[in-house]
Amino acid sequence: MTDATSPLKTDISRILAWALFLPVLGAWPFLSAMPLFSLWGGGMSLLDFSLNAVMLLFGFWPLLALLIASAVLRAEGAGDLRRAGRERGLWLGAYATVWTGLYLIIAFARG
C-alpha cells in the first residue's frame, strides 16, 4: 500500500511546486531586467549600485547564457533526459523564487 501511494504523493508535491514556481518563472525575465535599467539610470549610491549589480549578475539573463552554453558544450550520455529536465526545472524555479523574493525585498527597502 505504501508503494502505491508514494508515487502519487511525489507527483502531487511536484505539481504543487510547479504551481508555485511557474508564475515566478514567468515574471523572472522581466524582473531580472530591472537592475539593468536602474544601473542605466544612474544617480545612485554605492550601496544601491552594488546591490543592483549583484542582482543583475545572478539574474535570469546571465543564467540563461550559462544554460545555453552548457547545453551546447555538454555531451550527455545515456539516461532519462525528461526526468533530469523536470528536476532541473524545479531547481530553477526554486532559484527564481528566491531571487525574486530577494529582489523585491531590496527594491522595497531601498525604494
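Structure's up top.
Keep in mind it's a predicted model, so treat the numbers as computed, not measured. (Residues numbered from 1 in each chain as written. Predicted model: local features only at pLDDT ≥ 70, side-chain atom pairs only at ≥ 80, totals over all residues. Heavy atoms only, no water.)

1. Thoughts on the side chain of serine 32
Within the element layout of this structure, serine 32 appears in helix α1 (residues 2-41). Judged by its relative accessible area of 1%, serine 32 falls in the buried class. With residues up to four places along the chain from it excluded, the contact list for serine 32 reads Leu56, Gly59, Phe60, Trp61 and Trp99. (Helix = DSSP H or I, 4+ residues; strand = E, 2+ residues; numbered from the N terminus. Buried < 20%, exposed > 50% of the residue type's maximum accessible area, 1.4 Å probe, protein only. Contact = heavy atoms within 4.5 Å.)

2. A few points about the side chain of asparagine 52
Relative to the elements of secondary structure, asparagine 52 occurs in helix α2 (residues 46-57). With relative accessibility at 11%, the residue asparagine 52 sits in the buried group. Those residues within four positions of asparagine 52 in sequence are excluded, and the remaining contacts are Pro35, Ser38, Leu39 and Met44.

3. Describing the nonpolar core
Formed by Val24, Leu25, Trp28, Met55, Phe60, Ala96, Trp99, Tyr103 and Ile106, the largest nonpolar core amounts to nine residues. Listing elements by their share of this core, those giving two or more residues are α1 and α4 (81-110). Dropping the residues within four chain positions of it, valine 24 is found in contact with Ala96, Thr97 and Thr100. (Core = buried A, V, L, I, M, F, W, Y, C linked by side-chain atoms within 4.5 Å.)

4. A short note on the environment of valine 98
In this fold, valine 98 is placed in helix α4. Sequence spacing of valine 98 and valine 24 is 74 residues, and the spatial spacing of their C-alpha atoms is 9.6 Å.

5. Digging into the packing of aromatic side chains
Counted by the stated rule, this structure contains five aromatic pairs. An angle of 75° between the planes, with centres 5.4 Å apart, marks the rings of tryptophan 28 and phenylalanine 60 as edge-to-face. Placement of the pair is tryptophan 28 in helix α1 and phenylalanine 60 in helix α3 (residues 60-73), with a sequence separation of 32 residues. Of the two residues examined, tryptophan 28 and phenylalanine 60, each falls in the buried class. (Phe/Tyr/Trp six-rings, centres within 6.5 Å; stacked < 30°, edge-to-face > 60°.)

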